[in-house]
Amino acid sequence: MKMAKPTLTLPQYIFLIHGVQMGVGVLTLPRETAEAAGTDGWIGIVLSWVLATAASLIIIQVMKNYPKGTILDLLRHYFGKWIGIAGTILFSLYFGIMATVIFIREALFIQAWILPRTEVYILIALLSIPSYLIVRKNITILGRYSVLVFFMTVWMMIFFIIPLKQAQWLHLLPLLKEGWQPILDSVGTALFSFGGFEIAFFLYPFLQKKEKASMGIVIANTLTLFIYLIITIGAFVFFSPDEITIYNEPSIVMLKILEFRFIERLEIVFFAFYLFVISVTVLPLMYMTVYCTSQLAGEENHRRHLIWLLIIAFVYVVLVPPTFDQNKLLQRLIEQAGMVLAFAFPLCIWAYLLILRNIKRRGN
Amino acid sequence: MRQSRLVQASLFVFLAAMLTGCGSHVPLEDLTISLILGVDLDEKNNLVISESSPVFNQDAKQNIESYQLKAETVRDSRKYFDALATGEVTAAKIQVLLIGKRVLEHEDWFPVLDTVYRNPTFSLNTRVVVVDGPVSDVMFYVPPDKPQMPLHLKEVIDKNIDRTRAVISTLQVLHRQMYESGMTPSLSVIKKEKDVEFTGVVLLDKKGKYVDTIDAQNSAFLLILRDEKKQELTLTIPMTSLGEGGGIFHKNQISFDVSRVKTDVKTSYNKGKFDFKYQIAMTVNVAERLFPAGRVNQKELEKMIEKELKNRLEDMVKKFQANKIDPIGLGIHARAYQYEQYKKVKPHWDEAFAESNIDVSVDVRIKSMGAVN
């Protein structure tokens, strides 16, 4: 049974990357940046965007060296079998832990905000079913899903504009309150929320029009930047700078004041929709995990691996009932690993490939 | 294929058994939906929590049930309410939170409301209203000629907000003002005389302790200074320079509807003091004038109104400074424009506010004198 090779159109590629970036970070981003730099934190987000875009472009440059395959094939091609295997293991561990952590966070959020009396493992079991149905197929399906979810949820941004009628724009002044140092500190946290573009390592070979890869990834990063800026600046002018760090998820609390004649407690409805946004982070990560592991096992089909991944996640929450703190700690750790994979790793490989090409040229 | 059918079947059974949410559903009639929550202190300074909720039952004579009891905390009170009320007591729909003035007479009362912010089921749009007197007077009052108390109260407060007389004081706004270092909190206040009526705004210091009350007209001035005019703003003031305020029909009164007001604050810092220069530009329509037309022409009238408003606004600001409270939020301006200086005085902004120079200038333009001359 030989299927046509799955491909990605440009929008699918853009929204896949953008979707993985969005994730759960946006709920806490206003607080985290405010903790570092007060209401100047948004400048840190813009700086992070510059760094993330630069790293994204480097990834595309790296992948141009081996357009037929993913980063795993590239590693095997240039560095030999064993480094290829080591790379595959590292990537599958990274994606696997990241996917599980955010998957569990999704369940924790549902429990905290919508279904307080339901156990986390039940939510995990229930979430596993649609996850399985989408991830079992190929990357094209995931791409279509990301596009669908983006357009299904983008209207939610309107709800971040409405609370601005209570806004106090003076909170943003003066710019550069304490100089550049706190802003650079806030880059440290804001950069995490741009993590996710490294899946371009795996998407590139599937992209139909490879010459648009750089443009696509810049669009994806910029889209993420805009959404982050709307939410962060919105929260900065809505909350007092002395108060914003008290809320765990300021982005949701902001929505709690929305109230129409026909509907109250809009944040619950909003949250139900937000689950889709989290799912476009989790599902591609799950796909990447099982893609790596099935490559490792030399299997064509990744379904069996996916079932195992979901079972492991389920068993994990049954054995170690998750808490927010523990989950956040894990996320912090894995994100730091992600920084290495998303920034340092492509830079090193890029430099190596450049040197290699120069040596070859000189040899000729 | 038999194996996959087995998997499907067991999955189905598993899911059916787990159907989440269906096990703990509660029908609406079985809920006791608190619409008002009251926090007060009794004579011996015990915390007293009260709540009021509608009764969805035809057999009940009254369509509202109210309880009041002593409890250690707000959350703690729920177990006593559950013991008293028919249904499960839920806090998700609380419309109005009443706080007794006795509570505000002690500083640091704010942590009592912790659960309201910590628990996601509470709505942050709940209006916080101070009761001048015991909360129970309002809670147990059943007006014969009005809708249920919670709805009535909410409408009264909201209407006065629309008419720029009451400050917006939802739980969210209160939280912001309590934490904001450059502003002190202010809340709407009601009083039970013969009826329950809205009487004005209470001003608290930065620890939440009661300082002063201002009436509805002065609340409008406060809102002008904060640049928070809502849908409608009408002022009625006597023209003292026309004399003869006495008599039965106060003949020097004029009322005008402010159609546009723009409040600008220029912030500067010199000689160790903050300097705030208010420039308030108003466009008004005269709605009522008890003195005859020939007395003053339009230009003179504009000047008179300006002078009158300036005096009142300056008096009010002076009173704030004497009391060391900043309900206008000038600290926010100081932070935005004089950050270095503000940073030094941030922990005791109230002192710096009391010493700062505040200058008000009003510019009134009469757009129309109305339908009669």
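Residues numbered from 1 in each chain as written. Chains lettered and ligands numbered in written order. Predicted model: local features only at pLDDT ≥ 70, side-chain atom pairs only at ≥ 80, totals over all residues. Heavy atoms only, no water.

Where an unreviewed UniProt entry is consulted, chain B appears under the name Spore gernimation protein, with the organism given as Mesobacillus campisalis. Per its UniProt entry, chain B bears the Subcellular location (unreviewed entry) comment "Membrane". For the record of chain B, the UniProt heading Sequence similarities (unreviewed entry) holds the text "Belongs to the GerABKC lipoprotein family." (UniProt positions renumbered as here; feature names shortened; annotations may be inferred.)

An unreviewed UniProt entry annotates chain A as Spore gernimation protein of Mesobacillus campisalis.

Considering helix α2 (residues 74–84) of chain B
Residue and element names in this part refer to chain B. Every buried residue of α2 is listed here: Val 74, Asp 76, Ser 77 and Phe 81. Taken down its axis, α2 places every buried residue within 150° of arc, on the same side. Across from the buried face of α2, at angles greater than 90 degrees, the exposed residues are Lys 79 and Ala 83. Elements that come into contact with the buried residues of α2 comprise β2 (36–41), β3 (47–54), β4 (64–70), β5 (88–90) and α4 (114–118). You can read the cap of α2 off the contacts: a side-chain oxygen lies 3.5 Å from the backbone nitrogen of Arg 75, and it is on Thr 73. (Buried < 20%, exposed > 50% of the residue type's maximum accessible area, 1.4 Å probe, protein only. Helix = DSSP H or I, 4+ residues; strand = E, 2+ residues; numbered from the N terminus. Arc of directions from axis to C-beta. Contact = heavy atoms within 4.5 Å. Polar contact = N/O pair within 3.5 Å; in protein donor to acceptor, adjacent residues only side chain to side chain.)

A short note on the packing of helix α5 (residues 81–113) of chain A against helix α6 (residues 120–135) of chain A
Residues and elements named next belong to chain A. Direction vectors running N to C along α5 and α6 enclose 120°, while the axes themselves pass 9 Å from each other. Our classification of the angle between α5 and α6 gives oblique. For the pair α5 and α6, the sense of crossing is right-handed. Residues Phe 103, Ile 104, Glu 106, Ala 107, Leu 108, Ile 110 and Gln 111 of α5 touch α6, and the partners they reach there are Val 120, Leu 123, Ile 124, Leu 127, Ser 128 and Ser 131. Tallied by class, the residues present in the contact of α5 with α6 amount to 9 nonpolar, 3 polar and 1 charged. (Axes fitted to C-alpha atoms, helices over the stretch in contact; angles between N-to-C directions. Parallel < 35°, antiparallel > 145°, perpendicular 65-115°, else oblique. Left-handed = near helix turned anticlockwise from the far one by under 90°. Nonpolar A, V, L, I, M, F, W, Y, C, P; charged D, E, K, R; others polar.)

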